[in-house]
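# Observations on chain architecture
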Amino acid sequence: MLGRIVDVVSESGRRVAAAHSFSVTDKGSRENIVTSADIENERFLRSRLTSLVPGSAFVGEEGDESPILDEGYTWIVDPIDGTMNFSRGIPEVGISVALFKDGEPYIGVVHNPFTGRMYSAEVGRGAWMDGTPMHVSDRPLEDCILSTAWCCYGKELAPRVFDVSESLYPRINDIRRIGTAAVELSMLAQGAIDLYFEIRLSPWDHAAALTCVKAAGGIFRGIDGDVRFDGPSPVLAANTEENMEVLLETVSEAFDGRTPYRSGPLNGH
Ligand code: IPD
Ligand code: CA
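Within any chain, residue numbers begin from 1 and follow the written order of that chain's sequence. Lettering of chains starts at A and numbering of ligands starts at 1, both following the order in which they are written. The model is predicted, so local features are restricted to residues of pLDDT at least 70 and side-chain atom pairs to those at 80 or more, both for listing and for counting; the totals for chains, interfaces and linings are taken over all residues. Side-chain figures throughout are based on the complete set of non-hydrogen atoms in the structure, without hydrogens or water.

## A look at the environment of His-135
Structurally, His-135 is set in the loop between β9 (132–133) and β10 (145–148). A sequence separation of 78 residues divides His-135 from Val-213, and the C-alpha atoms of the two residues are 8.3 Å apart. Every residue in contact with His-135, bar those within four places of it in the chain, is listed here: Ala-189, Gln-190, Gly-191, Ala-216 and Gly-217. At 3.5 Å, the side chain of His-135 forms a polar contact with the backbone oxygen of Ala-216. Segments assigned H or I by DSSP are reported as helices when at least four residues long, segments assigned E as strands when at least two residues long, and all are numbered from the N terminus. Contacts are assigned to residue pairs with any non-hydrogen atoms lying within 4.5 Å of each other. Whenever a nitrogen or oxygen atom comes within 3.5 Å of another N or O atom, the pair is scored as a polar contact, on the condition that within protein one atom can donate a hydrogen and the other can accept it, and that pairs from neighbouring residues in sequence are kept only if both atoms are in side chains.

Structural data, given as structure tokens:
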């Protein structure tokens, strides 16, 4: 199954990389956009993936809404993660495909069609970058690179996210804001990035990459519980338990130990 998913995602990557003329529309704010290539690729992935697993449900960023099935298979897909990058020709973009089995993560595939990188993982079997086994880093805090974002779809949360960046910055090596959570979390699984924090991600942004993070030996959580796969969620991820402790403590301090929203709109909707 993993090989067949990788084949579909590779084909979708060739289509995305070849999409040179596309229209751009905003989804309610100038930060939150969709292109015709996103919509076209979601259609392609829905048709090819659901025919791989008859009876499977499909959740996609660009309008395919469905509950995650407690019994059976559910796809959680972002056809282009990093749409702003894509729309400007910045080659940091991910096609993100997760397959859940009986409500739990099972397979994750993240592909950057511009670099050719293919991240994949299957629970219980392992995690791979371009077919070679991958593992998170063991860097201590002072050598860590944190990837983060300051909540561009909900800037009222930004000041407290900046507080997190400010507190961590002197204690770690550096910070990145790359613009595609799926790829950045996959880079954590690969061992290139060591810490990740976003205050509000949608399941299609993180489901596939967190499957890779876990299978590559990393850890993730929310602020006051687990990461949610059925709604918006904070995502904290780390290479080691020790570094997760520091990240959680810093985020908890900025957000009073609580997720600062109950459910609310999903990013991209
Ligand atoms: C976004 C990207 C971005 C992250 C946002 C996501 P989109 O996804 O992953 O890096 O900061 O929170 O919503 O809208 O480009 O698919
Ligand atoms: Ca996304």
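So, next bit.
## So, the sheet that holds strand β6 (residues 104–111)
Strand pairing is assigned whenever DSSP detects at least two bridges linking the two strands. Pairing in this open sheet of seven strands is mixed, and the strands run β3-β4-β5-β6-β7-β8-β9 from one edge to the other. Each having just a single partner strand, β3 (57–60) and β9 make up the two edges of the open sheet. Where strand β8 (residues 126–129) meets β9, two bridges bridge the pair, whose relative direction is antiparallel. Bridge assignment links Trp-128 to a residue of β9, and that residue is Pro-133. Of the strands in this sheet, β3, β4 (73–81), β5 (94–101), β6, β7 (118–122) and β8 are in contact with helix α6 (residues 203–215), which crosses β6 at around 100°. With axes taken as lines fitted to C-alpha atoms, and helix axes fitted only over the stretch in contact, angles between N-to-C directions fall between 0 and 180 degrees.

## Side note on the sheet that holds β10
Judged by pairing direction, the sheet is mixed, and its five strands sit side by side in the order β11-β10-β12-β14-β13 without closing on themselves. Strands with a single pairing partner mark the edges of an open sheet, and in this sheet they are β11 (174–176) and β13 (219–221). Direction aside, neighbouring strands of the sheet carry axes that sit 15° apart on average. Where β13 lies against strand β14 (residues 233–238), three bridges are found, and the strand directions are antiparallel. Each bridged residue has a counterpart across the sheet, and for Arg-221 the counterpart in β14 is Leu-236. Contacting β12 (195–201), β13 and β14, α6 crosses the sheet at an angle of about 145° to β13.

## Considering the coordination of the calcium ion (ligand 2)
Metal-coordinating donors are taken as N, O and S atoms lying within 2.8 Å of the metal, or within 3.2 Å when the metal is Na, K or Ca; because water is left out, some sites can appear incomplete. Coordination sphere of the calcium ion (ligand 2), protein contribution only: Glu-61 (OE), Asp-78 (OD), Asp-81 (OD) and Asp-205 (OD), at 2.0 to 3.1 Å. Taken together, the six donor atoms surrounding the calcium ion (ligand 2) define angles of 61 to 155° at the centre, an arrangement classified as irregular. A four-donor site is classed as tetrahedral when every donor-metal-donor angle falls between 85 and 135 degrees; four donors are called square planar, and six octahedral, when trans pairs exceed 155 degrees and all remaining angles lie between 65 and 115, with any other arrangement labelled irregular.

## So, the domain arrangement of the protein
Partitioning the protein into structural domains gives domain 1 (2–133) and domain 2 (141–255). Taking only C-alpha atoms into account, the centre of domain 1 sits 20 Å from that of domain 2. Contacts between domain 1 and domain 2 engage 33 residues on the former and 24 residues on the latter. Carbon and sulfur atoms supply 68% of the area buried between domain 1 and domain 2, which totals about 2100 Å² over both sides. As used here, buried area is the combined drop in accessible area, with a 1.4 Å probe, of two parts when they are placed together. Considering only the side of domain 1, the residues that lose the most area to domain 2 are Glu-31, Asp-81 and Tyr-119, jointly responsible for 25% of the buried surface there. Salt bridges are identified by distance alone: a Lys or Arg side-chain nitrogen within 4 Å of an Asp or Glu carboxyl oxygen. On inspection of domain 1 and its partner domain 2, the count reaches one salt bridge. In this structure, Glu-31 engages Lys-155 in a salt bridge whose closest nitrogen and oxygen atoms are separated by 2.7 Å. Taken together, domain 1 and domain 2 are joined by seven residue pairs in polar contact (both at pLDDT 80 or more). Those elements that provide at least two residues to the side of domain 1 that touches domain 2 are β3, β4, β5, β6, β7 and β8. Segmentation into domains, and thus their bounds, comes from an automatic or database assignment.

## A closer look at the packing of helix α1 (residues 2–17) against helix α2 (residues 36–52)
Interhelical geometry of α1 versus α2 gives an angle of 160° and a closest axis separation of 10 Å. By the angle class used here, α1 and α2 are roughly antiparallel. Relative to α2, the crossing made by α1 is right-handed. Along the contact surface, α1 presents Arg-4, Ile-5, Val-8, Glu-11, Ser-12, Arg-15 and Val-16, while α2 presents Glu-40, Asn-41, Phe-44, Leu-45, Arg-48, Leu-49 and Leu-52. Within the contact of α1 with α2, the residues separate by chemical class into seven nonpolar, two polar and five charged. Just so you know how the angles are binned, under 35 degrees is roughly parallel, over 145 roughly antiparallel, 65 to 115 roughly perpendicular, and the rest oblique. The sense of a crossing depends on the near helix, which, turned anticlockwise from the far helix by less than a right angle, makes the crossing left-handed and, turned clockwise, makes it right-handed. Following the grouping adopted for this structure description, the nonpolar residues are Ala, Val, Leu, Ile, Met, Phe, Trp, Tyr, Cys and Pro, the charged ones are Asp, Glu, Lys and Arg, and the polar ones are all others, Gly among them.

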